[in-house]
Amino acid sequence: MGLGPGPGPGPGTGRTVTVFGAYGHTGRFVVAQLRERGFLPVLSGRDAGKLRALAASEPGLEVRPASVDDPAALDRALDGVDAVINCAGPFAVTAAPVIEAALRAGIPYVDVAAEIEANLDTFTHFADRARAAGVVIVPAMAFYGGLGDLLATAAMGDWTAADEATIAYGLSSWHPTPGTRSAGAVSGERRGGRRVRYTEGRLEYHEDAPTLLKWPFPDPMGTREVVAEFTMADVVTLPSHLAIPEVRTHMASEAARDLSAPDTPAPTAADGSGRSDQTFLVEAVVRSGDTERRAVARGRDIYAVTAPLTVEAVHRILTGRTHTPGVTSAGEAFDAPDFLRALSPHITFELSHP
């Protein structure tokens, strides 16, 4: 595993990263961010034609087609690189084969999975093997799962336990990508149409109807209606390392309606970088007794902002700035406040301890 930045891009220098699913909506942002940060992306995924088309617009990048049912091709895709970022969902299908390939190669693995069950599978099935191999595996290193975990961990500060954590998502809108819709369908099938929550220290599947409540987001957003217990991957990442028996995630009602509507279009670019005009405010509140601590992140485009999250994670892993090997969440792997501040100007981060 490459642990130093090395003299410059190239295999074995700590700067070469395979992006699996490179031609997808999020994958393209990740490739661009890697190049901006001085890494050399290697383009991979199952569709060779789409990979070649992306390479034509990104001169100088190598193409290595691979599918998850072809271990030899995955090994070729990871040969000589220093890390892999998996951007190809549904992760219920792709995560395990790419992690297996990363373990064979002895390199770090990071993914952007928002699927609760897929992330749980990663923690369950690979924890012992990754720790024994000394390989860092970070699932859900994305807007959902990663950002909320970093915020909650930062809000916890010196607390070793809390009674409750709530992540409230204030999205101006949510135009889902085809990948988001596909992953959601897979998760829905695995749950048999039930909903999920994290309560009393465990995941619980239920058929209760969603409820609405008012959430007092910080200004300028202010109080907004949210769908309570609109459960996201934070219910896997936070409990993996924080002693909090109740973890809840709420979603702005307008964004939830966008996601559920079958005719909501995919995101469209509003600037030269490909970002949409969607804005977000995410607030993490941890409570111990009557005391609350808060952390807030503001930014634009939940898909685009996943790129600096994943690339910063890879950079820190390859330069030895992680707390533990094995399967780990963002908040456990990294110094959460420092990580969040390093994401400026992509994310504005505020921490409030009474």
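Residues numbered from 1 in each chain as written. Predicted model: local features only at pLDDT ≥ 70, side-chain atom pairs only at ≥ 80, totals over all residues. Heavy atoms only, no water.

Engineer: What should I look at first to understand the overall build of the protein in this one?
Structural biologist: Summing up its helical and strand segments, the protein has 12 helices and 16 strands in all. Computed over the C-alpha atoms, the radius of gyration of the protein is 19 Å, within 12% of the 20 Å expected from 2.2 N^0.38 for a compact globule of 354 residues. Across the 354 residues that make up the protein, the buried fraction comes to 55%. The long-range fraction of contacts in the protein, counting pairs at least 24 apart against all pairs at least 6 apart in sequence, stands at 70%. Counting 32 positive and 43 negative side-chain charges, the protein places the averaged centre of each group 3 Å from the other. (Helix = DSSP H or I, 4+ residues; strand = E, 2+ residues; numbered from the N terminus. Rg over C-alpha atoms; globule rule 2.2 N^0.38 Å. Buried < 20%, exposed > 50% of the residue type's maximum accessible area, 1.4 Å probe, protein only. Contact = heavy atoms within 4.5 Å. Lys, Arg positive; Asp, Glu negative; His and termini not counted. Charge placed at Lys NZ, Arg CZ, Asp CG, Glu CD.)

Engineer: Before we go on, may I ask you to explain the sheet that holds strand E6 (residues 136-138) in this structure?
Structural biologist: In a beta sheet, neighbouring strands are held together by backbone hydrogen bonds and run either parallel or antiparallel to one another. Read from one edge of the open sheet, seven strands run E3-E2-E1-E4-E5-E6-E15, paired in parallel fashion. With one partner strand each, in any of the chains shown, strand E3 (62-65) and strand E15 (326-327) form the two edges of the open sheet. Alignment of strand E2 (residues 40-45) against E3, held across four bridges, turns out to be parallel. Bridge assignment links Ser44 to a residue of E3, and that residue is Arg64. Helix H10 (residues 306-318) rests against strand E1 (16-20), strand E4 (83-86), strand E5 (109-111) and E6 of the sheet, and its axis sits at about 160° to E4. (Pairing = 2+ DSSP bridges. Axes fitted to C-alpha atoms, helices over the stretch in contact; angles between N-to-C directions.)

Engineer: Would you mind showing me how to read the packing of aromatic side chains here?
Structural biologist: How two aromatic rings sit relative to each other is given by the distance of their centres and the angle of their planes. For the structure on display, the rule yields six aromatic pairs. For the pair Phe334 and Phe339, a centre-to-centre distance of 5.1 Å together with 35° between the ring planes defines the contact as tilted. By the ring-pair criterion, three or more aromatic residues cluster together here, those being Phe143, Tyr144, Tyr169, Trp174 and Phe280. Here Arg15 stacks its cationic end above the ring of Phe39, 4.1 Å away from the centre of that ring. (Phe/Tyr/Trp six-rings, centres within 6.5 Å; stacked < 30°, edge-to-face > 60°. Lys NZ or Arg CZ within 6 Å of the ring centre and 35° of its normal.)

Engineer: Is there a simple way to think about the pairing of strand E7 (residues 164-171) in this case?
Structural biologist: Residues in a regular strand point their side chains to alternate faces of the sheet. Most of E7 is tucked away: seven of the eight residues are buried. Strand direction decides the pairing type here: E7 and strand E13 (residues 279-288), joined by eight bridges, are antiparallel. The residue of E13 that forms the bridge with Gly170 is Leu281. As paired elements, E7 and strand E12 (residues 247-252) share five bridges and run parallel to each other. Within E12, the residue paired with Ala168 across the bridge is His250.

Engineer: Explanation requested: the nonpolar core in the structure shown.
Structural biologist: As a rule of thumb, soluble globular proteins bury nonpolar side chains together. Counting 108 residues, the largest nonpolar core has Met141, Phe143, Leu147, Leu171 and Trp174 as its most contacted members. In terms of residue count, the dominant contributor to this core is helix H6 (residues 143-156) (nine residues). Filtering out sequence-adjacent residues up to four positions away, Leu171 remains in contact with Phe143, Tyr144, Met251, Ala252, Glu254, Ala255, Gln278, Thr279, Phe280 and Ile302. Phe217, Val226, Leu281 and Val285 belong to the second largest nonpolar core, which has eight residues in total. (Core = buried A, V, L, I, M, F, W, Y, C linked by side-chain atoms within 4.5 Å.)

Engineer: Honestly, the side chain of His206 in this entry has me stumped. Any pointers?
Structural biologist: When you line up the elements, His206 lands in strand E9 (residues 202-206). A distance of 3.1 Å separates the side chain of His206 from the backbone nitrogen of Asp208, its partner in a polar contact. Excluding anything up to four places from it in sequence, His206 contacts Arg194, Arg195, Val196, Arg197 and Glu229. (Polar contact = N/O pair within 3.5 Å; in protein donor to acceptor, adjacent residues only side chain to side chain.)

Engineer: Explain the confidence of the model for the protein here, please?
Structural biologist: Atomic detail in the predicted coordinates should be set aside for any region of low pLDDT. The predicted model of the protein averages 93 in pLDDT, with 96% of residues at 70 or higher. This model gives residues 1-12 a pLDDT under 50, and the stretch forms 29 contacts once residues within four places in sequence are excluded. (pLDDT = per-residue confidence, 0-100.)

Engineer: Hey, could you run me through the environment of Asp335 in this one?
Structural biologist: Counting through the fold element by element, Asp335 comes out in the loop between helix H11 (330-333) and helix H12 (336-342). Overall, Asp335 belongs to the partly exposed group, its relative accessible area being 39%. Residues Asp335 and Thr322, spaced 13 residues apart in sequence, show a C-alpha to C-alpha distance of 8.0 Å. Apart from the residues lying within four places of it in its own chain, the contact partners of Asp335 are Arg316 and His323. Polar side-chain contacts of Asp335 include one of 3.2 Å to the backbone nitrogen of Asp338.

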